[in-house]
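One-letter residues, chain by chain:
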Amino acid sequence: MTESTTPGTRLWTPKGFREDDWVHVENAEALAGNGRFILPLQAFLVLDDDVRKSAKERIGVLLQPGDELDKIVGLLDQLSLVALAFSAFNDGRSFSKGELLRSRHNFKGAIRATGQVLVDQLPHMLRLGFDEFEVSNPVLLKRLEEGRTGGLPVYYQPAVEPEAKGPKYSWRRKRPS
């Protein structure tokens, strides 16, 4: 079993930092042991249906930006976690996948951001339905330790979570306090 989480990475949720009980692995051989494992898409897809169903609480899948979300849509009931990789700051495909998982496919499990989780992206990820973050960026780690998630107080786009309308303009929304 190989662990792909980089040293110095901490797991943060909106409730704060916590221990991570998930391990990134390269193949399904890890399922023979105890624990919870995040598999690459191809390793997840080759699993037998019975294995996926019986180990639902122990299996997560990692989607890279170029992986197609449609490949797991019919299998979402066999997953308790979907990890979406952010391999470059200028690649927004994982943002779209996170939003689609919540709004179109009604995925109720955890959606985790992994890779380059950056300071200015966190508020957007939260609004789109991400609820777990593998954070290694030192600036973001420091801000989260101080209890600051950042973001702008007013925004125009709707999100997964309903928000209060801003004063005077129906299209201006206020960030929840």
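Reading guide: rules and limits
- Residues numbered from 1 in each chain as written.
- Predicted model: local features only at pLDDT ≥ 70, side-chain atom pairs only at ≥ 80, totals over all residues.
- Heavy atoms only, no water.
- Helix = DSSP H or I, 4+ residues; strand = E, 2+ residues; numbered from the N terminus.
- Buried < 20%, exposed > 50% of the residue type's maximum accessible area, 1.4 Å probe, protein only.
- Contact = heavy atoms within 4.5 Å.
- Salt bridge = Lys/Arg side-chain N within 4 Å of Asp/Glu carboxyl O.
- Arc of directions from axis to C-beta.
- Pairing = 2+ DSSP bridges.
- Axes fitted to C-alpha atoms, helices over the stretch in contact; angles between N-to-C directions.
- Core = buried A, V, L, I, M, F, W, Y, C linked by side-chain atoms within 4.5 Å.
- Polar contact = N/O pair within 3.5 Å; in protein donor to acceptor, adjacent residues only side chain to side chain.

Let's talk about the environment of L101
Here L101 is to be found in helix α4 (residues 93–103). Of the residues examined, L101 reaches a relative accessible area of 0% and is grouped as buried. Between the C-alpha atoms of L101 and V82, which are 19 residues apart in sequence, the distance is 9.1 Å. Setting aside residues no more than four positions away along its own chain, L101 makes contact with L69, L76, V82, L84, N106, F107 and I111.

A word on the pattern of salt bridges
In total, this model carries eleven salt bridges according to the counting rule given. A salt bridge links E134 to R112, with the nearest nitrogen and oxygen atoms 2.9 Å apart. Here R112 lies in strand β7 (residues 110–115) and E134 lies in strand β8 (residues 132–135), a separation of 22 residues in the sequence. Judged by relative accessible area, which is 4%, E134 ranks as buried. Between R148 and E146 there is a salt bridge whose closest N-O contact spans 2.8 Å. Counted as one network, the salt bridges with shared partners bring together R18, D20, R112, E132 and E134.

Thoughts on α4
By the burial criterion, the buried members of α4 are S94, F95, K97, G98, L101 and R102. Projected down its long axis, α4 shows its buried positions confined to an angular sector of 165°, all on one face. Against β5 (59–63), β6 (81–86), β7 and α5 (122–128) lie the buried residues of α4.

Some remarks on the sheet that holds β6
Read across the sheet, eight strands follow the order β2-β1-β8-β7-β6-β5-β4-β3 without closing on themselves; strand pairing throughout is mixed. In this open sheet, the two strands that pair with only one neighbour each are β2 (16–18) and β3 (22–24). Sheet twist, expressed as the mean angle between neighbouring strand axes with direction ignored, is 30°. Sheet topology places β6 next to β7; six bridges connect them, and they run parallel. Counted as the bridge partner of V82 is I111 from β7. Running over the sheet, α4 touches β5, β6 and β7 and is turned about 160° from β6.

What about the nonpolar core?
With 37 residues, the main nonpolar core has F44, I72, L79, V82, F130 and F133 as its most contacted residues. The contacts of F133, once residues within four sequence positions are left out, are R10, L11, W12, A113, V117, L122, M125 and L126. Within the second largest apolar cluster, seven residues are counted, among which are I38, L62, A85 and A110.

Section: helix α6 (residues 138–145)
Residues that lie three or four places apart on an α-helix share one face, since the helix turns once every 3.6 residues. Along α6, the positions that sit buried rather than exposed are L140, L141 and L144. Around the axis of α6, the buried residues are gathered within 100° of arc, so they sit on the same side. Among the exposed residues of α6, those oriented more than 90 degrees off its buried face are P138 and E145. In this structure, the buried residues of α6 make contact with β1 (10–13), β2, α5 and β8. Between the side-chain oxygen at the start of α6 and the backbone nitrogen of V139 there is a gap of 3.0 Å, and the oxygen is on N137. Downstream of α6 by a residue or two, G147 has a phi angle that is positive, lying close to 80°.

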